[in-house]
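# Observations on chain architecture
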Amino acid sequence: MKYCPECGVALTEQSIQGRGEAVRCAAGHLSYPPGPKILVAAFVSCGDKLLWMKRGNPPRAGHWAIPAGFMESGETLREAVARELWEGTCVSLPAEAFTPYMIGSINFISEVYIGMRATVTTEDCACGDEATDVGFFREEEIDWDEVAYPSANAAVKTAYREARSKRFGVYHGNFTRELDQLDLVWQPGD
Ligand SMILES: [Zn+2]
């Protein structure tokens, strides 16, 4: 987005950088990049650990994140998440291995955030094209202030709690400027 859709003024370098965030022109009009986009994430647990990757590419290169990326045209949700997992961590799982974990909104970057989960029995993984390091980690090993996307911390911490308890629910997330909140929608046995 190079020009304000409201008044046509050129957006400055400073106002157009960042990760798909809403920008303000000099006249104060707020505009959003085309969207919303669908962001899929793979919450893969092995025992009480979750799989992380250190991002090799901007945005947030050098920071740890749950493997994730944008769904492409023609893919199913499960295919998209399996592809992103493979591209980041060289963990190859069939699309059927994934079950829904969370649907959420990240409204300030105009993304729909969909988390799918899978469990594995070995910690086999390796750096894919999009990662500079990968690994399975326990919750207490994570530096929560240094992760790539702190706005997703509620989703990740809940995934840890579920991996430990082996009780898996389905959640709705609100990840806004004001909230980092995950609400339980459904759990087996409810
Ligand atoms: Zn404007």
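Residues numbered from 1 in each chain as written. Predicted model: local features only at pLDDT ≥ 70, side-chain atom pairs only at ≥ 80, totals over all residues. Heavy atoms only, no water.

A separate point is the overall build of the protein. Looking only at helices and strands, the protein features three helices and 11 strands. Along the chain direction, N to C, the helices and strands of the protein fall in the order α-β-β-β-β-β-β-α-β-β-β-α-β-β. Over its C-alpha trace the protein gives a radius of gyration of 17 Å, about what one expects of a compact globule, namely 16 Å for 190 residues. Overall size of the protein, expressed as C-alpha extent along the three principal axes, is 55 × 40 × 35 Å. Here the protein holds 190 residues, and the buried ones make up 42% of them. With the model as given, the accessible surface of the protein reaches about 10,100 Å², and the carbon-plus-sulfur share is 51%. Of the charged side chains in the protein, 18 are positive and 27 negative, and the gap between their average positions amounts to 2 Å. (Helix = DSSP H or I, 4+ residues; strand = E, 2+ residues; numbered from the N terminus. Rg over C-alpha atoms; globule rule 2.2 N^0.38 Å. Buried < 20%, exposed > 50% of the residue type's maximum accessible area, 1.4 Å probe, protein only. Areas by Shrake-Rupley, 256 points an atom, 1.4 Å probe, with all protein chains shown as cover. Lys, Arg positive; Asp, Glu negative; His and termini not counted. Charge placed at Lys NZ, Arg CZ, Asp CG, Glu CD.)

Below, the discussion takes up a nonpolar patch on the surface. On the surface, a cluster of nonpolar side chains totalling about 180 Å² of accessible area is made up of Ile38, Leu77 and Val112. Relative to the helices and strands, Ile38 resides in strand β3 (residues 37–46). Note on Ile38: relative accessible area 34%, which makes it partly exposed. (Patch = residues over 30% accessible without salt bridge, like charges linked within 9 Å, V, L, I, M, F, W, Y side chains within 5 Å. Salt bridge = Lys/Arg side-chain N within 4 Å of Asp/Glu carboxyl O.)

The next point concerns the domain arrangement of the protein. When the domains of the protein are assigned, the result is domain 1 (1–34) and domain 2 (37–186). Placing the centre of domain 1 and that of domain 2 at their C-alpha centroids yields a distance of 29 Å. (Domains from an automatic or database assignment.)

In this section: empty space enclosed by the protein. Tallied over the full model, the rule gives one cavity of 30 Å³ or more. There is about 50 Å³ of room inside the largest cavity. Lining the largest cavity are Phe43, Ser45, Leu50, Arg117, Ala159, Glu162, Ala163 and Phe168. For the lining of the largest cavity, the secondary structure elements donating two or more residues are β3 and α3 (153–165). With three residues, the top contributor of residues to the lining of the largest cavity is α3. Residues belonging to the lining of the largest cavity are distributed by class as follows: five nonpolar, one polar and two charged. (1 Å grid on protein atoms, 1.4 Å probe; cavity = no way out; pocket = protein on both sides within 12 Å on 5 of 7 lines; lining within 4 Å. Points joined across faces, edges and corners; volume = space filled by probe spheres on them. Nonpolar A, V, L, I, M, F, W, Y, C, P; charged D, E, K, R; others polar.)

Right, let's get into the packing of aromatic side chains. Going through the model one piece at a time under the given rule, you end up with six aromatic pairs. Seen from their ring centres, Phe43 and Tyr101 are 4.9 Å apart, and the 65° between their planes marks the pair as edge-to-face. Linking Phe43 in strand β3 with Tyr101 in strand β7 (residues 99–106), this pair joins segments that are 58 residues apart in sequence. Note on Phe43: relative accessible area 2%, which makes it buried. You can call Tyr101 buried: its relative accessible area is 0%. Taking the centre distance of 5.2 Å and the plane angle of 85° together, the rings of Trp64 and Phe137 count as edge-to-face. One end of the pair, Trp64, is in strand β5 (residues 64–65); the other, Phe137, is in strand β9 (residues 131–137), and 73 residues separate them in sequence. For Phe137, a relative accessible area of 22% translates into the label partly exposed. A connected cluster of aromatic rings, assembled from ring pairs, spans Phe43, Tyr101 and Tyr171. One cation-aromatic arrangement involves Lys37 over Phe70; the distance from NZ or CZ to the ring centre is 4.5 Å. (Phe/Tyr/Trp six-rings, centres within 6.5 Å; stacked < 30°, edge-to-face > 60°. Lys NZ or Arg CZ within 6 Å of the ring centre and 35° of its normal.)

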